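Observations on the three-dimensional arrangement
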There are 4 protein chains.
Amino acid sequence: MNTFGRNFVVSLFGESHGEAIGVVLDGVPAGLPLGVEDFGHDIRRRKSGGKGTTPRIEADEPVILSGVYEGHTTGAPLAVLFKNTNTRSGDYEILQQVPRPGHADFVADVKFDSFNDPRGGGHFSGRLTLPIVAAGVVAKKIIASVLDNDGEEPKKAGARASDPAPCTIKASIVELGGIRRGNHSETRWRDALDAAAAEGDSLGAVVECVISEVPVGLGEPFFNSLESCISHAIFAIPGVRGIEFGDGFRAAAMKGSEHNDPFGPDGRPVKNGAGGINGGISNGEDIVFRVAFKPTSSIAKEQQTLNFVTDKMTALSVPGRHDVCFALRAPVIVEAMAALVLADQLV
Amino acid sequence: MNTFGRNFVVSLFGESHGEAIGVVLDGVPAGLPLGVEDFGHDIRRRKSGGKGTTPRIEADEPVILSGVYEGHTTGAPLAVLFKNTNTRSGDYEILQQVPRPGHADFVADVKFDSFNDPRGGGHFSGRLTLPIVAAGVVAKKIIASVLDNDGEEPKKAGARASDPAPCTIKASIVELGGIRRGNHSETRWRDALDAAAAEGDSLGAVVECVISEVPVGLGEPFFNSLESCISHAIFAIPGVRGIEFGDGFRAAAMKGSEHNDPFGPDGRPVKNGAGGINGGISNGEDIVFRVAFKPTSSIAKEQQTLNFVTDKMTALSVPGRHDVCFALRAPVIVEAMAALVLADQLV
Amino acid sequence: MNTFGRNFVVSLFGESHGEAIGVVLDGVPAGLPLGVEDFGHDIRRRKSGGKGTTPRIEADEPVILSGVYEGHTTGAPLAVLFKNTNTRSGDYEILQQVPRPGHADFVADVKFDSFNDPRGGGHFSGRLTLPIVAAGVVAKKIIASVLDNDGEEPKKAGARASDPAPCTIKASIVELGGIRRGNHSETRWRDALDAAAAEGDSLGAVVECVISEVPVGLGEPFFNSLESCISHAIFAIPGVRGIEFGDGFRAAAMKGSEHNDPFGPDGRPVKNGAGGINGGISNGEDIVFRVAFKPTSSIAKEQQTLNFVTDKMTALSVPGRHDVCFALRAPVIVEAMAALVLADQLV
Amino acid sequence: MNTFGRNFVVSLFGESHGEAIGVVLDGVPAGLPLGVEDFGHDIRRRKSGGKGTTPRIEADEPVILSGVYEGHTTGAPLAVLFKNTNTRSGDYEILQQVPRPGHADFVADVKFDSFNDPRGGGHFSGRLTLPIVAAGVVAKKIIASVLDNDGEEPKKAGARASDPAPCTIKASIVELGGIRRGNHSETRWRDALDAAAAEGDSLGAVVECVISEVPVGLGEPFFNSLESCISHAIFAIPGVRGIEFGDGFRAAAMKGSEHNDPFGPDGRPVKNGAGGINGGISNGEDIVFRVAFKPTSSIAKEQQTLNFVTDKMTALSVPGRHDVCFALRAPVIVEAMAALVLADQLV
């Protein structure tokens, strides 16, 4: 099912080279101010064009089909559409013969009996993250509206009631090509991207997301723990290989006395090893998680792989212009996914 | 919601010191042979008693309330109950005054307006993993039954059709207290556990799970990717801090030419950096994921933390007999969660 | 799936002659006062014993397994159990040979490959309405609590804001054996029951349910219209053959000028032909619906039917003590189902 | 939520006078032949133009946005769009002042804080049944495909295995303006429509739906009985006031010996009082249900109703060209809803 959420429900549709891609949002409260211009900022952040991203530019103009009237959401399902314009026909049968390593060509062919749309990855395309970003824009508005209208629901811990700042979701690259963010990392990242590009190769990255000013009490014990819901959404992003909260994998090598978060005199944890979540429930501290993205699978560098029709090994150099590191476009997608989860809990 | 699954639905209930804990399983196919004796093996694997686990022994006898008749499942909801016997009353109001670091005491108190059952962590207790293990036993039976009855649904890749071995799910500790599994690791782990116990401290661990002989085609693109569903279930286990698939976080530091899985002459990937999943869909290779568990939060070692009533810092030494490393009991729980996901996709 | 609801989720389990039957309620708000004694009134209303019902008396003692602590709901899943005591073994294989007309024997046998529990109808038994009544008791408490705490959410129409009476759900028999409620109907009903009993036959009935003081705004346009949700729940009661709202089937023979509900000077409809719902949404008027119950299927009177094993027609007189009109016990079940729907919308 | 189904999920969006209306279908199997021309027949059946329907003609051209490639479904979500062309701006603020009797104007205004799109009823418009009919076309294809590919799943009763006819869903008017179908009913219906039109009034109708060649075993005991699911979908159609299965409301006035369905020598019920469903499960007989539709609410005939702004009673004659009996267009919508339910059970 290509649907997410229980009370704020996101339904995704479209293929990379089909007529259009889009998303239907159900459960959007009535009365939120919303226009196409609201999508611009986040759509631009996802767009290609920077160092390490493909120079191919798509229009990415959202069309609101329903759910908005006179500049406000109506409470009815909100459908947002993006026309596919920059597509070109090509010989895609080759993908069924020589499935691209790291792509869904092989599994799509088996799962859908070769009826899947192979053009540009079809429904598996990273282009589908565009309507997800659009959904995230609406989700962020919902979050701000709910927390602004009613800071008491769900409850904020007493110690934090004096801080009226709204909940914010902020994701950024903290590691690129194995190089952590720090002194001169911008320069070193640029060099690594240039080097990989020169080899026709690609790089991965780690994105960190911090959600601030979260009310206490989001999430459920066990099956719908907040980590469960966030990780569910995050692994829906193509190319994610791992997720960790707070101290993450390092926690496994820590002692209890090191990892535990005792409460300090102000009623707040003195550290945040749990990443803002205890027992599956938000504790009011920053929710902090990191997401590992694989390197771009489409590389010009030759790979030896099987041609399933000729049954012979062949040298494959994936054609086309690709991101050296598609994860550079991921932070806004990670934010969108986090926002979908929070909005679903708050509406 | 304390419910998981769409077609095989698991509903969990109970509190640590309440009358009973249990699980209702809906969507169990009729005709599976099942009796209380089938639960014994996995329940024993979860039990305490080994090095690094608490010596307190509970009975853990499953009672099948419904859904089984004359030794076979009936197709009606299957309810399994475990009575709570080894409970003792205590002064639990202290937990609302001095919430234990790393536990859900604080968030439960806020979320449930102090109406939560505080005894032994209430519904947040790790004891609830017992009915989860029971659910996993049924899920494993479902998986074996579906794949045995009909190896073609969902499809297995041609190259693997000759192998009739059933799908297996196997989890084990691969890192304990920061020490990776390898030569002499058993000895080194024992020493680390002894040292931590002597200090009244605790250790974390990493559990690796391998699912073999998975049919191709499980999972969906985007919102219900197989990683999404597995991570959702895994983060429902108390104390999980991270999950990674295949090359995991290391993939973020690899180049595309290193991480990609080209196909070899036999039609199978020459490596398995993707951990058995592409585009959210199982590709027929082993599904491999690792789970980071935090160290046990309840430690005898003194922690300085706040008493929320007196508003003064206090030295807390969590009383009772606790696992030095509760993750030692986790592999069978990880298996159970993986089984819930697969069974839900297969029924 | 034996589950109902989205935010207040009811999971039903058990078989007529199994160890126990019960229900798990997820999404119950914390802090509702609740004890076993709260179930007594509605359980007694469902009980047999009156004119036209079987003299067999069951204990029907609820056991709260979880979700209640010190007399209040905890916010964790609430499990209620009823032990089956008054069962006796019998020769139930005959049901697979001679499926009882009007019962689920035949379909259960086919659907569940003869693995269904045939004793007393197994999971299909009307006895399962007992935990449904228990769920209804909790649902009614939720409704009262939500509307009491926060009369503004969802909104009540202005004209009704002055009336602080809580929402009530009241169901009763309005037709029995074809005789409508009216003058002397009690006497005539008694005579009809006696006559049917004397013939070893049975009677049906129509139950009307009125929900008063409903807030405006419950329900959704189209797929989750309030009628959709209520009818979904009502048809889950065994033996229901029809449901109608407001003017119901008579509306089909009315003109628009007769059926429409114009608004009067006080802002309220001058009549209530729509039964309190417009466009799938509650309009603040009484929600009124009627439910048609078939006559009891188990009758002593001989029926000619097939023995599927001998392939010969046989005369069947269903043994045992049965309700002449099981619908006499139905009003409280109808109320419970209506309460489940409202509670699910209000939590 | 404007979503229906568990495995075949239908998400509806759009407003009467917005840019477009449409539907997203998730869970469509790959490989079904499908093109825009397949929608023509059912769309025409829904169209206005006949006696008793409005002469306004809309284009109703479906656009397939996704999920179809080279004439076959891909297995990815299938989005179908209908542009709104024949809309005209008007003074819709009057609807908030003088809500039309029988319409959703009042409840929409309250529920959505006056942010709802009031033009032509907005999201509540009967025009939304157009994408529902489109969804029904796909659902019918799914049903035929599943039952054709695999007549054994779910099982057909033995007695019917020799009949290879596919499952068919057929709905038609059986009562119009209180006149039952029979001799000369066509003529009498025409006269009744003319008479109502002359008065500026409207008529209701009863639609009967028969589903033939249904496999045994669809539906679940209790909460997802087949009647529950069908009625849920049917009450999503605007203007439905009641539904009954088999003997329906008449069953309440029958004796058990009259209503029961004993099995005859051929293993089939000698009658079909249950309407093809026992214990919530299809029994292989025709599923028969009747749906009561109210008369069209929009009538030219003057109604006295309140102006909520002036607080004075006013004479309302609803302007525009309306169906005298919108139920004449309903049979294909009833079929579509029934098809959604069956497809959801069969995929």
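First, a word on what this report is: a plain description of the structure on this page. Note that the structure is a prediction, hence the values are computed from the model and not measured. Position numbers for residues start from 1 in each chain and track the written sequence from start to end. Both sets of labels track the order of writing: A upward for chains, 1 upward for ligands. Residue-level local features of this predicted model are given only where pLDDT is at least 70; pairs of side-chain atoms are given and counted only at 80 or more, and the full residue set underlies all totals for whole chains, interfaces and linings. In computing side-chain properties, one takes all heavy atoms of the structure into account and sets aside hydrogens as well as water.

Side note on the sheet that holds strand β3 (residues 20–26) of chain D
All names here are of chain D. In plain terms, the rule: Following DSSP output, two strands are said to pair if at least two bridges run between them. Where helices and strands are cited, they refer to DSSP runs of H or I of at least four residues and of E of at least two residues respectively, numbered from the N terminus.
Reading across from one edge, β1-β2-β3-β7-β4 is the order of the 5 strands in this open sheet, with antiparallel pairing throughout. Every other strand in the sheet has two partners, leaving β1 (3–4) and β4 (63–66) as the edge strands with one partner each. Pairing of β1 with strand β2 (residues 9–14), which is carried by 2 bridges, proceeds in the antiparallel orientation. Bridging across to β2, T3 finds its partner in S11.

Some thoughts on unusual backbone geometry
All names here are of chain B. To be explicit about the condition: Note on exposure labels: buried denotes an accessible area under 20% of the residue type's maximum, exposed denotes more than 50%, and partly exposed covers the range between, all computed with a 1.4 Å probe on protein chains only.
Positive phi, close to 50°, is recorded for E70, a residue that is not glycine. On the secondary structure map, E70 appears in the loop between β5 (68–69) and β6 (72–73). With relative accessibility at 65%, the residue E70 sits in the exposed group.

Quick notes on the relation of the copies chain D and chain A
As a reminder, the rule being used: Least squares is used to superpose the copies, and the fit set is the C-alpha atoms of residues whose pLDDT is at least 70 in both copies. Throughout, a residue-residue contact means that at least one pair of heavy atoms, one from each residue, lies within 4.5 Å.
Once chain D is rotated about the relating axis by 180° and shifted along it by 0.0 Å, it coincides with chain A to within an RMSD of 0.0 Å. When the rotation and shift are considered jointly, the pair of chain copies conforms to a two-fold rotation axis. A shared binding surface is used by both copies, with 100% of the interface residues of chain D retained as interface residues in chain A.

Regarding the environment of B:F4
Position of B:F4 relative to the elements: it lies in strand β1 (residues 3–4). Through-space distance from the C-alpha of B:F4 to that of B:H232 is 9.2 Å; in sequence the pair is 228 residues apart. Setting aside chain neighbours within four positions, we find B:F4 in contact with A:F223, B:V9, B:V10, B:C229, B:H232, B:A233, B:L340 and B:V341.

What to know about helix α8 (residues 331–346) of chain B
Our working definition: Take the number of residues in a helix, subtract one, and multiply by 1.5 Å to get its expected span.
Over its 16 residues, α8(B) runs 22 Å from end to end, which matches the ideal 22 Å to within 8%, given 1.5 Å per residue. Among the 16 residues that make up α8(B), 15 are buried, leaving the element largely enclosed by the rest of the structure.

Here we look at the relation of the copies chain A and chain B
In the superposition of chain A on chain B (RMSD 0.0 Å, axial shift 0.0 Å), the rotation amounts to 180°. In this assembly, 100% of the residues forming the interface of chain A have copies in chain B that are likewise at the interface, indicating an isologous arrangement.

Concerning empty space enclosed by the protein
Residues and elements named next belong to chain C. Defined as follows: The definitions used throughout rest on a 1 Å grid laid over the protein atoms alone, on which a cavity is an enclosed set of points accommodating a 1.4 Å probe that cannot get out and a pocket is an open set flanked by protein within 12 Å on both sides along at least five of seven lines; lining residues are those having an atom within 4 Å of a point. Grid points are joined across faces, edges and corners, and a volume is the space filled by probe spheres set on the points. Following the grouping adopted for this structure description, the nonpolar residues are Ala, Val, Leu, Ile, Met, Phe, Trp, Tyr, Cys and Pro, the charged ones are Asp, Glu, Lys and Arg, and the polar ones are all others, Gly among them.
One pass over the full model with this rule turns up 12 cavities of 30 Å³ or more. Considering the residues around the largest cavity, the lining is formed by 17 residues, among which A108, N116, D117, G121 and F124 are closest to the centre. Classifying every residue of the lining of the largest cavity gives 8 nonpolar, 6 polar and 3 charged.

Brief notes about the side chain of D:R46
Residue and element names in this part refer to chain D. How we decide: Polar contact criterion, stated in full: a pair of N or O atoms within 3.5 Å, where within protein one must be able to donate a hydrogen and the other to accept it, and residues adjacent in sequence count only if both atoms are side-chain atoms.
Tracing the backbone shows R46 in helix α1 (residues 40–46). Here the side chain of R46 touches G126 through a polar contact of 3.4 Å, landing on its backbone oxygen. Residues in contact with R46, not counting those within four places in the same chain, are D60, G126, R127, T129, L130, V133, R329, V332 and I333.

Quick look at the interface of chain D and chain A
Note the threshold: Defined here as a combined quantity, buried area equals the accessible surface (1.4 Å probe) lost by two parts on assembly, summed across both. Each reported salt bridge corresponds to a side-chain nitrogen of Lys or Arg within 4 Å of a carboxyl oxygen of Asp or Glu.
Across the contact, 39 residues belong to chain D and 39 residues belong to chain A. The largest per-residue losses of area from chain D upon contact with chain A belong to D:L65, D:Y69 and D:F115, which jointly make up 21% of the total buried on that side. Taken together, chain D and chain A are joined by 0 salt bridges. Where chain D meets chain A, there are 5 residue pairs in polar contact (both at pLDDT 80 or more). Sorting the residues of the side of chain D that touches chain A by element identifies β2, β3, β4, β6 (72–73) and β7 (78–83) of chain D as the ones contributing at least two each. In terms of residue count, β2(D) provides more of the side of chain D that touches chain A than any other element does, 5 residues in total. Its residues assigned to classes, the side of chain D that touches chain A comprises 18 nonpolar, 15 polar and 6 charged.

Digging into the packing of helix α6 (residues 226–234) of chain B against α8(B)
All names here are of chain B. Quick note on the threshold: Axes here mean lines fitted to C-alpha atoms, for a helix over just the part in contact, with angles spanning 0 to 180 degrees between N-to-C directions. Orientation labels follow simple angle bins: below 35 degrees gives roughly parallel, above 145 gives roughly antiparallel, 65 to 115 gives roughly perpendicular, and whatever is left gives oblique. Working rule for handedness: look at the near helix, and if it is turned counterclockwise from the far one by less than a right angle, call the crossing left-handed; if clockwise, right-handed.
The N-to-C vectors of α6 and α8 enclose an angle of 140°; their axes lie 9 Å apart at closest approach. Comparing the axis directions of α6 and α8 gives the class oblique. As for how α6 packs across α8, the hand of that crossing is right-handed. Contacts between α6 and α8 involve L226, C229, I230, A233 and I234 from the first element and V334, M337, V341 and Q345 from the second. A class-by-class count of the residues in the contact of α6 with α8 yields 8 nonpolar, 1 polar and no charged.

Structural notes on the interface of chain A and chain B
With 102 residues of chain A in contact, the opposing surface of chain B contributes 103 residues. For the pair chain A and chain B, the two sides together bury roughly 8,000 Å², of which 64% comes from carbon and sulfur. Among the residues chain A hides against chain B, the three largest losses belong to A:F222, A:F223 and A:R241. Together they make up 13% of the total. Between chain A and chain B we count 4 salt bridges in total. Here chain A and chain B share 37 residue pairs in polar contact (both at pLDDT 80 or more) between them. Per-element tally for the side of chain A that touches chain B: the top contributor is strand β11 (residues 240–245) of chain A, with 6 residues.

Some words on the sheet that holds strand β2 (residues 9–14) of chain B
Taken in spatial order, the 5 strands of this open sheet run β1-β2-β3-β7-β4 (chain B), and their pairing is antiparallel. One side of each edge strand has no neighbouring strand; the edge strands of this open sheet are β1 and β4 (63–66) of chain B.

Points about the environment of B:K301
Within the secondary structure, B:K301 sits in the loop between β14 (287–293) and β15 (303–307). By relative accessible area, B:K301 is classed as partly exposed at 32%. On a C-alpha basis, the gap between B:K301 and B:S202 in space is 9.2 Å, while along the polypeptide they are 99 residues apart. Look past the residues within four positions of B:K301 in its chain and what remains in contact with it is A:S257, B:E199, B:G200, B:D201, B:L316 and B:S317.

Examining the pairing of strand β14 (residues 287–293) of chain A
All names here are of chain A. Of all 7 residues in β14, 7 are buried, a share of seventy percent or more. Alternating positions in β14 separate into two faces, I287, F289, V291 and F293 on one and V288, R290 and A292 on the other, with burial throughout. Bridge count for strand β10 (residues 205–212) against β14 is 7 bridges, and the pairing is antiparallel. Bridge pairing in β14 links A205 to F293.

Here we look at the pairing of β10(A)
All names here are of chain A. Counting buried residues along β10, 7 of its 8 residues qualify, which places the element largely inside the surrounding structure. Taken together, the 8 bridges between strand β8 (residues 168–176) and β10 define a ladder with antiparallel strand orientation. By the bridge assignment, K170 is partnered in β10 with V210.

A look at the nonpolar core
Using the following cut-off: The definition of a nonpolar core used throughout is a set of buried Ala, Val, Leu, Ile, Met, Phe, Trp, Tyr and Cys residues joined through side-chain atoms within 4.5 Å.
In terms of nonpolar packing, the biggest core is built from 164 residues, with C:F289 and D:F289 touching the most fellow members. Each residue touching D:F289, except ones within four places of it in the same chain, is listed here: D:V207, D:E208, D:C209, D:I211, D:I230, D:I234, D:I243, D:E244, D:F245, D:V334 and D:A338. Grouped together as the second largest cluster of nonpolar side chains are 162 residues, B:I21, B:V146, B:I169 and B:L203 included.

What to know about the pattern of salt bridges
Evaluated as defined, the whole model comprises 84 salt bridges over all chains. Here A:K271 ties to A:D261 by a salt bridge, and the two come within 3.3 Å at their closest N and O atoms. Pair noted here: A:K271 is in the loop between α7 (256–259) and β12 (277–278) and A:D261 is in the loop between α7 and β12, with a separation of 10 residues, a long-range link. According to the relative accessible area criterion, A:K271 is partly exposed, its value standing at 28%. Residue B:R100 is joined to B:D105 by a salt bridge in which the shortest nitrogen-to-oxygen separation is 2.7 Å. Comparing B:R100 with B:D105, the two get one shared label, buried. Within the structure, one salt-bridge network assembled from shared partners comprises A:D42, A:R45, A:K140, A:K170 and A:E335.

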